[in-house]
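Secondary and tertiary structure notes
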Number of protein chains: 2
Amino acid sequence: MVHRLTLTALPGIPLVEPGDDLASLTRQALERAGLVLEAGDVIVAAQKVVSKSEGRLVDLTTVTPSARALEIAKQAEKDPRVIEVILGETAQVVRVRPGVVIVEHRLGFVCANAGVDHSNVRGPGSRSGEWVLLLPEDPDRSAAELRRRLRETTGLESLGVLINDSHGRAWRNGTVGIALGAAGFPALMDLRGRPDLFERALQVTQVGLADEIAAAASALMGQADEGRPIVHARGVPYPLREGSAAELLREKSLDLFR
Amino acid sequence: MVHRLTLTALPGIPLVEPGDDLASLTRQALERAGLVLEAGDVIVAAQKVVSKSEGRLVDLTTVTPSARALEIAKQAEKDPRVIEVILGETAQVVRVRPGVVIVEHRLGFVCANAGVDHSNVRGPGSRSGEWVLLLPEDPDRSAAELRRRLRETTGLESLGVLINDSHGRAWRNGTVGIALGAAGFPALMDLRGRPDLFERALQVTQVGLADEIAAAASALMGQADEGRPIVHARGVPYPLREGSAAELLREKSLDLFR
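Residues numbered from 1 in each chain as written. Chains lettered and ligands numbered in written order. Predicted model: local features only at pLDDT ≥ 70, side-chain atom pairs only at ≥ 80, totals over all residues.

Concerning the sheet that holds strand E5 (residues 100-105) of chain A
Residue and element names in this part refer to chain A.
- The strand order E4-E5-E6 describes an open sheet built from three strands, whose pairing is antiparallel. Looking at which strands have only one partner, the edges of the open sheet turn out to be strand E4 (90-97) and strand E6 (110-112). The sheet shows a mean angle of 25° between the axes of neighbouring strands, direction not considered.
- For E4 and E5, the ladder comprises six bridges, and the chain directions are antiparallel. (Pairing = 2+ DSSP bridges. Helix = DSSP H or I, 4+ residues; strand = E, 2+ residues; numbered from the N terminus. Axes fitted to C-alpha atoms, helices over the stretch in contact; angles between N-to-C directions.)

Observations regarding the interface of chain B and chain A
- Contacts between the two partners involve 66 residues from chain B and, on the opposite side, 66 residues from chain A.
- Looking at the side of chain B that touches chain A, the elements that each hand over two or more residues are strand E1 (4-9), strand E4 (90-97), strand E9 (176-183), strand E11 (206-207) and helix H6 (209-221) of chain B.
- It is H6(B) that contributes the most residues to the side of chain B that touches chain A, nine residues altogether.
- Within the side of chain B that touches chain A, the residues separate by chemical class into 31 nonpolar, 17 polar and 18 charged.
- The pairing of strand E1 (residues 4-9) of chain A with E1(B) spans five bridges and is classified as antiparallel. Across the sheet, the residue bridging to Thr6(A) is Thr6(B), located in E1(B). (Contact = placed C-beta atoms within 7 Å. Nonpolar A, V, L, I, M, F, W, Y, C, P; charged D, E, K, R; others polar.)

A closer look at the packing of helix H3 (residues 67-76) of chain A against helix H4 (residues 80-88) of chain A
All names here are of chain A.
- The contact between H3 and H4 brings their axes to 8 Å, and the two run at 115°. Crossing hand, H3 versus H4: right-handed. In contact with Arg68, Ala69, Leu70, Ile72, Ala73 and Ala76 of H3, H4 contributes Pro80, Ile83, Glu84 and Leu87.
- Within the contact of H3 with H4, the residues separate by chemical class into eight nonpolar, no polar and two charged. (Left-handed = near helix turned anticlockwise from the far one by under 90°.)

Focus on unusual backbone geometry
- Unlike most non-glycine residues, Glu77(A) shows phi in positive territory, near 55°.
- Tracing the backbone shows Glu77(A) in the loop between H3 and H4.
- Here Ala114(B), not a glycine, exhibits a phi torsion of approximately 50°, which is positive.
- Examined against the element boundaries, Ala114(B) turns out to sit in the loop between strand E6 (110-112) and strand E7 (131-133).

This is the structure:
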């Protein structure tokens, strides 16, 4: 048996507006691509379209920065209104340098700017203003909801949904796709106890499988346009199970680099 | 045009021994899979088989730990001989905790155990001893050499080679595949200056594309066996160019988390 993983960027997804139905958009785009969902398939949706469909837009012209936001904005050389929005999504500020604000997001992961995005953002219905986009309120819930809707119409038990985003890394240049939300997918694959070829216990024991598939989808989505925000993946070489992106968050007590 | 990224784990790769010719093994396995290399294709080889083909094996029974190795081994609760081998591959020790040794590898990246691997390792020609496997001496050079050999027989100008490995992350559970070596591949994709949909400059500007493809290949390779150590990738949605994994190393002066 040849193991093959195939990722297809679903064509013709329109610009997403608040209130749009991602499950319908996904179904229509699958049809356009000539794909019929099968057991074990995974849908990866870009954070941006999930956030937009959920209306997670803030108009900066309505934001008044706090004293703390003004101070951090000065250190970071950023728009104090954007910093104010970032702080609203932040559990703990981790590092501030010119051009860089790294925080622990209220959802638990460490990332730049709390995921608040200023590019490729326009207001709902093209309303004027200066808009930024927040992460989904609860990406695992968003993934579970999209999965529920897709299972409803397909009747498939085994179907995974990931929501991906691009994150920087502590020691490496360039962003990579990571799983912000997950449903019906083994986000963290536990290989502990599986013997290796020569019967020694495996040293590498836990694999961030959802992040690996999110990264693959991210490579295919590109960055500069929104034309390919939903990817279909087939051939993940492990059985799917219930799961959530929360599995991927390192406990603070085990974090050596904060 | 539908964007599709297809990764195929090449079947029937035998256990690799020192001196084995990875280019021949790859060609034979491509044939077995019914694949003919095309312009833009990428071959991803697992670090383990590259290291083994290069004979990067050390027999622990021949290793005498230094005083420093003994001290770190005590803190890390690890075999002092393994620590001695790790130190030989290390530029700087970054963190030591029970069960954890994180270093800056002599090649510049931060990783656990300097990539010294104790599982799935046996001696050359099944010689007795307790063997560990080091990373390739120069993974970019190993990638370039494999690429040169594959181009020789195919005549293809545009062909990428990546060598991947599994690394842990500072703040996330589970390992993910990263590019240890690269040749003929845009390891770091620079999107700076590309306008976004609404003519604002992109905030996210550099993508660790080689790491994203390495992660996808890693998901397909699995961990517990060596049966799928070489992956063929087709459909990377960017033109290939010269490049190396060194592009992915963050300069120390920009590292906020060491």
